[in-house]
Amino acid sequence: METKLQLHGFNNLTKSLSFNIYDICYAQTEEQREAYIDYIDEMYNAERLTQILTDVVKIIGANVLNIARQDYEPHGASVTMLIAEHELTDGEANNEESPGPLPDTIVAHLDKSHVTVHTYPESHPHDGVSTFRADIDVSTCGLISPLKVLNYLIHSFDSDVVTVDYRVRGFTRDVDGTKHYIDHDINSIQNYLTEDTQNAYQMIDVNVYQENLFHTKMMLKNFKLDNYVFGVNASDLDPEEAQSIEDRLRREMLEIFYSRNVE
């Protein structure tokens, strides 16, 4: 849309960002697997996740109305925030298809919505691969897009594989009564990522433009085994064993990236 919409009343569109990150690790022994899960639980406990979501709320310029958070036994945590702010004017809106800045440079507001995060640590003794997933939802009403928090979220987690879904739901009316089912141009979620992030990840899009559905998959390009083995140094491994571990880790990443098992 080349010109700004002149709306009749409140902007009733709901814009939802669903963001999944996966951190992959190799932990060979039961002791190492337990240590990795304990590390993840400590690194991404409810308190830390609350801080991350608080930063997200600052980026989109909202006020926190309510926080519900919980650490689970034996693993995992959840945080939900209800948020609200005043309606943006057309002059304040920032729906440009460009990367969003980090918290120290953002100025924005939104009307009302919520942000949530749930964590899912997972491991299996069969091949020593453990996977941590964080599931984050940012849903906003009004003129801004939650895609502006994408860069911050990617930089807040050790993201080996990322899947992002963005959907605009509902409709709003202009002053003539015409319905509008989206209020900003969008070609790809990738355009909301900084250049360094785009260069760091292999990415593919699966978009349904006529339904205002956008989906992007991301997989880290640079693979260093030392970043994936837990409790040992890659240099101490036998070369044949190191190659076997790398093959298993790469297979895990590919299966998550393509959402199918690799035979």
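Keep in mind that this is a model prediction, so the values were computed, not measured.

The rules behind the values
Residues numbered from 1 in each chain as written. Predicted model: local features only at pLDDT ≥ 70, side-chain atom pairs only at ≥ 80, totals over all residues. Heavy atoms only, no water. Salt bridge = Lys/Arg side-chain N within 4 Å of Asp/Glu carboxyl O. Helix = DSSP H or I, 4+ residues; strand = E, 2+ residues; numbered from the N terminus. Phe/Tyr/Trp six-rings, centres within 6.5 Å; stacked < 30°, edge-to-face > 60°. Buried < 20%, exposed > 50% of the residue type's maximum accessible area, 1.4 Å probe, protein only. Expected span 1.5 Å × (residues − 1). Contact = heavy atoms within 4.5 Å. Polar contact = N/O pair within 3.5 Å; in protein donor to acceptor, adjacent residues only side chain to side chain. Pairing = 2+ DSSP bridges. Patch = residues over 30% accessible without salt bridge, like charges linked within 9 Å, V, L, I, M, F, W, Y side chains within 5 Å. Areas by Shrake-Rupley, 256 points an atom, 1.4 Å probe, with all protein chains shown as cover. pLDDT = per-residue confidence, 0-100.

Section: the pattern of salt bridges
Consideration 1: Per the counting criterion, the structure on display carries 5 salt bridges.
Consideration 2: Arg-251 is the salt-bridge partner of Glu-255, the closest N and O atoms lying 3.2 Å from each other. Of this pair, Glu-255 and Arg-251 both sit in helix 5 (residues 239-258), 4 residues apart, roughly one helical turn.

Remarks on the packing of aromatic side chains
In this description, an aromatic ring pair is defined by two values, namely the gap between the centres and the angle between the planes.
Consideration 1: The final tally for this structure, using the stated rule, is 9 aromatic pairs.
Consideration 2: For the pair Tyr-39 and Phe-230, a centre-to-centre distance of 6.0 Å together with 45° between the ring planes defines the contact as tilted. Here the residue Tyr-39 occupies a position in helix 1 (residues 30-43), and Phe-230 occupies one in the loop between strand 10 (213-220) and helix 5, the gap between them amounting to 191 residues.
Consideration 3: The exposure class of Tyr-39 is partly exposed, given its relative accessible area of 37%.
Consideration 4: The partly exposed category is assigned to Phe-230, whose relative accessible area is 23%.

Points about helix 5
Consideration 1: Compared with an ideal rise of 1.5 Å per residue, which puts 20 residues at 28 Å, helix 5 spans 28 Å between its outermost C-alpha atoms and is within 8% of the ideal.
Consideration 2: Within helix 5 the residues assigned to the buried category are Ala-242, Ile-245, Glu-246, Leu-249, Glu-252, Met-253, Glu-255, Ile-256 and Phe-257.
Consideration 3: Buried residues along helix 5 sit against strand 1 (14-26), strand 5 (129-141), strand 6 (161-169), strand 9 (201-205) and strand 10.
Consideration 4: Where helix 5 begins, one side-chain oxygen reaches toward the backbone nitrogen of Glu-240, 3.0 Å away; that side chain belongs to Asp-238.
Consideration 5: Residue Ser-259 follows helix 5 closely and has a positive phi angle near 55°.

Regarding the side chain of Ser-16
Consideration 1: Position of Ser-16 relative to the elements: it lies in strand 1.
Consideration 2: Within the structure, Ser-16 has its side chain in polar contact with the side chain of Arg-169 (distance 2.8 Å).

Remarks on the side chain of Gln-190
Consideration 1: Locating Gln-190 in the fold gives a position in the loop between strand 8 (179-180) and helix 4 (195-200).
Consideration 2: If near-sequence neighbours (up to four positions away) are discounted, Gln-190 is found in contact with Gln-198, Met-203, Ile-204, Asp-205 and Thr-216.

Remarks on the pairing of strand 5
Consideration 1: Among the 13 residues that make up strand 5, 11 are buried, leaving the element largely enclosed by the rest of the structure.
Consideration 2: Two elements, strand 1 and strand 5, share 13 bridges in a ladder whose sense is antiparallel. Bridge pairing in strand 5 places Cys-25 opposite Ser-130.

With respect to the pairing of strand 2 (residues 63-71)
Consideration 1: Strand direction decides the pairing type here: strand 2 and strand 3 (residues 77-84), joined by 8 bridges, are antiparallel. Directly across from Asn-66, in strand 3, lies its bridge partner Leu-82.
Consideration 2: Here strand 2 hands over to strand 3 after 5 residues, with Gly-76 in that stretch at a positive phi of 100°.

Here's the deal with the environment of Glu-31
Consideration 1: The topology assignment puts Glu-31 in helix 1.
Consideration 2: Taking the C-alpha atoms as reference points, Glu-31 and Gly-231, 200 residues apart in sequence, are found 9.3 Å from one another.

As for a nonpolar patch on the surface
Consideration 1: A cluster of nonpolar side chains, namely Ile-204, Leu-254, Tyr-258 and Val-262, defines an oily patch on the protein surface of about 270 Å² accessible area.
Consideration 2: With respect to the secondary-structure elements, Leu-254 resides in helix 5.

Remarks on the confidence of the model for the protein
Consideration 1: Of the residues in the protein, 83% have a pLDDT of 70 or more, and the chain-wide mean is 83.
Consideration 2: pLDDT under 50 marks residues 86-93. Its contacts with residues more than four places away, or in other chains, come to 22 contacts.
Consideration 3: In this model, residues 100-111 is a region of pLDDT below 50 whose contacts with residues beyond four sequence positions or in other chains number 42 contacts.

Thoughts on the environment of Val-232
Consideration 1: Along the chain, the position of Val-232 falls in the loop between strand 10 and helix 5.
Consideration 2: Judged by its relative accessible area of 34%, Val-232 is partly exposed.
Consideration 3: Between the C-alpha atoms of Val-232 and Tyr-26, which are 206 residues apart in sequence, the distance is 9.7 Å.
Consideration 4: Ignoring anything within four residues of it in the chain, the contact list for Val-232 reads Gln-32 and Leu-237.

Quick look at unusual backbone geometry
Consideration 1: Across the junction of Glu-73 and Pro-74, the peptide omega takes the value 5°, indicating a cis bond.
Consideration 2: At Ser-259, a residue that is not glycine, the phi angle is positive and equals roughly 55°.
Consideration 3: In this fold, Ser-259 is placed in the segment after helix 5.

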